[in-house]
Structure formats: C-alpha cells, structure tokens
Amino acid sequence: MQRALLFDQPAPDIATALNHHGFVQIDPINVCGRMHDLILRNRVADYRQGDLMRHIHGEDLPLPAKSRLAFEHHQPATGNLVAFTHDAWPHLQREMRARTRIKSAWCGRLTRAEQDLVEPIFDIIREQGPVSSDAIKDKRKSNRTWGPATLPKATMQKLFFHGRLLIAQRQGIRRFYDLPERVLPAKVFKLPESSLAESERWEAQLKVRQRRLATLKRTELALIDDLVQPVQIDDGPLLYCLLSDVPLFDQIQNRNFKIDTYHSRLIAPLDPLIYDRRVTEQVWDFTYTWEVYTPAVKRVRGYYALPVLSKDELVGHIDPKADRKQGKLAVVSRRVKRGHSTAHAVKQLATFLELRT
C-alpha cells in the first residue's frame, strides 16, 4: 500500500502525484498546515507549503492559461473542492449544468437578485481581470442559510459551481475569479463532453485511483471490472485495486517488498489511505474520526488530530497546533501505541511548517 500511495517512493513533482491519484482534496483550515499540503508533503519530493496552489495558479501573478496544468473544482460525487488535471473537465460539464436547475443557496440556480448581478460581475472581470467578490460594490447580504455572505460573494460562488467562472488566483484563502477561457488552455475546451456512461466509468475509476484500495458498489464494479483486481485482506471486506498496482501486492505476499521509510510519519486527516473509515477500521484495525466539526465536549482525539503511520501500521494519533507568533509547533495531545516513537515525525512536520518543536 505504501508504494501504491507514493509514501514509500515519492513522486518527483506535483503533476506526477496528481496524475497518479486523479485529484487532491483542498481545504482552507490551517491548524498545522492545510489539508492539501499535508497530503502532498508525504507524496512529493521536496514539497513545500503552498506548492499545490503555486502549481495551479502561479506565484504572485496568475499563470497564463496556456501554462496551467491543473484547476480547482468540485468533485461530482462528493461536492468536495479538489485539484483536478485537465482530463477531468469533460466529465464535470453535466453536473455543472444540473446545478443551475436545483434549489440550493450554496450551489444551485441563481435568484433574481443574483441574476441581476451577473453581467456587472462579468463586465468588471473583462475589464480588470481576476477579481474577488470585494471588487463588486454591492453590500447586500445573501439569503443563503448556511452562513453570512454578501450577495456578490454568493453569486460568484454559484457561477463557479456552474462553470461560468473559475478560480484564477488565491491570496491566502481569498479567491479571485476569472472567465474560464482565461484560466484553462484552449485545448481543454476542445475536448468533447463525455457521455453519461463515460463519466460514470471515470468516477468509478477515480475512486480507486485516489485510494488505491477501495470498496466498490456492484454498479461501480460493472463499470470498471476490466481495470481492477479483487483483493481480500484476512477477513476484511472485499476490496479492489487497479491492475497496474497488482505487482505491488504480489511483492507483499511474496515477502519481496521493502518499506524504505522506517520512521513514523503524520498523515493528513483526509489522506487517501484512511478516507474510507470503514476500510480503515476493518483492514488497519484503526478507528479514526476527523473531529474538526465535532463539538468540543464530544471530541476524543482533538480538533485536528493527525493519524500516526509507523512502517505499515497505524499506531495512534497526535493533535498538533502551530503557534506562528511564537514560531513553534505544540503537541496538544497524543495517544500512540507503546514502542513507537513520534519525535522524528513531529520534528519533520515542524520543519515543513518552518517552526521549531
């Protein structure tokens, strides 16, 4: 599993890791590094904080469309914001259109007030280039129920969900939107839209590409049975891996597989290795929940606890917190099996965050 997940043999660059996994989930919360950075630091050689966003959008100025290799958008199956490679674009079109017809304050059809803002937003973007919602001088509040927002911000968010705007640049977590044709290379728009059958097959394959070992529904298996191999680990659930990963599992079975990393490592709360909690529990004998959205009084592990991977075993969790004013990484709590040292793993994370322990 470690090699299939790029833990044991990191990719030389972000593009290789993205092509391998299909996408990387993006999350803005930054307690001890952002989710996408925590996922990729274990998979890409010499990865630094913010490298994914620099890869997608450029450093200080937005990358020209022809130079872009990836883009941000929402995964159809889950709605999660992720970094995609260009080949995903034809498979997103149907879902983008569908959102324009549903009733949702977050991503659905535009209200009358939002419709009235569309052309002013486009006019400003055509004239100024990428802009954030602050550039739209309209202080009206949105009526969306899940949180406060101005009407321009809610409108631009919906236009992004609909594919009429794309994120062209970020400053921290602040989004700057532009027209799709100025964000993606022209060749992307020449790709024919995928049929429903093609997109369903793509999504099923994407699930296995992302996790490398996954459960499949009967309908999903029927779509990609020529691409996957069943895997049974002890008395756990029937899993599937890509045919291209079969040699790695054969090496493990033949005891011909060497794990090169002997220190423990801290992995992201939504890492592909543990994304499916049922598989994590049944295969790894490890129970874990990301407790960011759990009320404080009900938390067992901590607000942003990171699982600990030691060789080929999940052995506990550590809840770290970056104190950037003091320039250090504090460990709020830890619970790790006896005999497993985590000092090196914590030091590695602190170095990545440019903090001291």
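Here the structure is shown first, and the text comes after it.
These numbers come from a predicted model, not from an experiment.

Caption draft 1: Looking closely at the sheet that holds strand S2 (residues 70–74). Ordered by their spatial adjacency, three strands build an open sheet running S1-S3-S2, and the pairing between neighbours is antiparallel. Here the strands that pair on one side only, and so sit at the sheet edges, are strand S1 (23–25) and S2. Strand-to-strand twist across the sheet, computed as the mean angle between neighbouring axes with direction ignored, equals 30 degrees. Here five bridges tie S2 to strand S3 (residues 81–85), and the two strands are oriented antiparallel to one another. Bridging from a neighbouring strand, His73 pairs with Val82 of S3.

Caption draft 2: Spatial organisation of the environment of Ile224. By secondary structure assignment, the location of Ile224 is in helix H9 (residues 218–224). The class for Ile224 is buried, based on a relative accessible area of 1%. Sequence-wise, Ile224 and Glu200 are 24 residues apart; in three dimensions their C-alpha atoms are separated by 9.5 Å. Once you skip the residues sitting within four places of it in the chain, Ile224 turns out to touch Arg201, Ala204, Gln205, Val208 and Leu216.

Caption draft 3: Representation of the pairing of strand S11 (residues 328–336) within the structure. Pairing analysis gives eight bridges linking strand S10 (residues 313–323) to S11, with the strands arranged antiparallel. The residue of S11 that forms the bridge with Asp323 is Lys328.

Caption draft 4: Geometry of unusual backbone geometry. Although it is not a glycine, Asp46 sits at a positive phi angle of roughly 60 degrees. Mapped onto the elements of the fold, Asp46 is located in the loop between helix H2 (35–41) and helix H3 (51–57). On the basis of relative accessibility, which here comes to 74%, the residue Asp46 falls in the exposed class. The residue Glu354 is not glycine, and still its phi comes out positive at about 60 degrees. One can find Glu354 in the segment after helix H12 (343–352). Residue class for Glu354 comes out exposed when judged on its relative accessible area of 70%.

Caption draft 5: Local environment of the pairing of strand S9 (residues 306–310). With five of five residues buried, S9 lies mostly within the body of the structure. Neither face of S9 is left uncovered, since the one carrying Leu306, Val308 and Ser310 and the one carrying Pro307 and Leu309 both have all their residues buried. Across five bridges, S9 lies against S10 in antiparallel orientation. Residue pairing in the sheet places Val308 in a bridge with Gly316 of S10. Counting the residues in the hairpin turn of S9 and S10 gives two residues, including Lys311, whose phi is positive at 55 degrees.

Analysis parameters
Residues numbered from 1 in each chain as written. Predicted model: local features only at pLDDT ≥ 70, side-chain atom pairs only at ≥ 80, totals over all residues. Heavy atoms only, no water. Pairing = 2+ DSSP bridges. Helix = DSSP H or I, 4+ residues; strand = E, 2+ residues; numbered from the N terminus. Axes fitted to C-alpha atoms, helices over the stretch in contact; angles between N-to-C directions. Buried < 20%, exposed > 50% of the residue type's maximum accessible area, 1.4 Å probe, protein only. Contact = heavy atoms within 4.5 Å.

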